[in-house]
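# Coordinate analysis (summary)
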Amino acid sequence: MKLSEKQQIFTRNIGCLIQYADQLEIGLTFGEAHRTQSQILLNYFGYEVVKGGSLGIKLQKTRRLSKTLFSKHADRLAVDFNFFINGKLVYDFHKVKSLGDYWESLHPDNRWGGDFNKNGIEDGFVDTPHFEMV
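Let us look at the structure shown here. (Residues numbered from 1 in each chain as written. Predicted model: local features only at pLDDT ≥ 70, side-chain atom pairs only at ≥ 80, totals over all residues. Heavy atoms only, no water.)

### A short note on a nonpolar patch on the surface
Among the surface-exposed residues, Leu41, Phe45, Tyr47, Val49, Leu55, Ile57 and Leu59 lie close enough to one another that they form a single nonpolar patch of about 720 Å² accessible area. Mapped onto the nonpolar patch, the elements with two or more residues apiece are helix H2 (37–45), strand E2 (47–51) and strand E3 (57–61). Tracing the backbone shows Ile57 in strand E3. A relative accessible area of 51% places Ile57 in the exposed class. (Patch = residues over 30% accessible without salt bridge, like charges linked within 9 Å, V, L, I, M, F, W, Y side chains within 5 Å. Areas by Shrake-Rupley, 256 points an atom, 1.4 Å probe, with all protein chains shown as cover. Salt bridge = Lys/Arg side-chain N within 4 Å of Asp/Glu carboxyl O. Helix = DSSP H or I, 4+ residues; strand = E, 2+ residues; numbered from the N terminus. Buried < 20%, exposed > 50% of the residue type's maximum accessible area, 1.4 Å probe, protein only.)

Here you go:
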């Protein structure tokens, strides 16, 4: 399957996920969707660009935000969401697991970051905001 075909399926599935979240009264805002290779490197090595320095910007060491140099965000096959329940920002596994389960039911290539192990429990590397297509 061509990348553009997979991206179209992914986009349709994201639309379904947004509607499903609305039915569950879980508000969504986008976190990060497309990620450039430069941003992938910054996230992996733990740097951010901030104001300051002689050029007006500088690199500042921060915590590592990624465990991979091969993010599906670069292929436009991943998106991170912020979840709002009763007006409060939440990333709690149990409160958003129903979205992850639904996401994975939409296509066999869909994977939710809250359950990378695909065992239905919160263990290992957990990235609840992350929804991707492999």
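### Re the side chain of Asn82
Here Asn82 is to be found in strand E4 (residues 78–85). Within the local environment of Asn82, its side chain forms a polar contact with the side chain of Tyr91, the two groups lying 2.5 Å apart. The residues contacting Asn82, other than those within four sequence positions of it, are Gly27, Leu28, Thr29, Phe30, Gly31, Leu89 and Tyr91. (Polar contact = N/O pair within 3.5 Å; in protein donor to acceptor, adjacent residues only side chain to side chain. Contact = heavy atoms within 4.5 Å.)

### Observations regarding H2
Since one α-helical turn is 3.6 residues long, residues separated by three or four positions face the same way. Within H2, burial applies to Ile40, Leu42 and Asn43. Take H2 and look down its axis: the buried residues cluster within an arc of 165°, on one side only. Just beyond H2, the residue with positive phi is Gly46, at close to 80°. (Arc of directions from axis to C-beta.)

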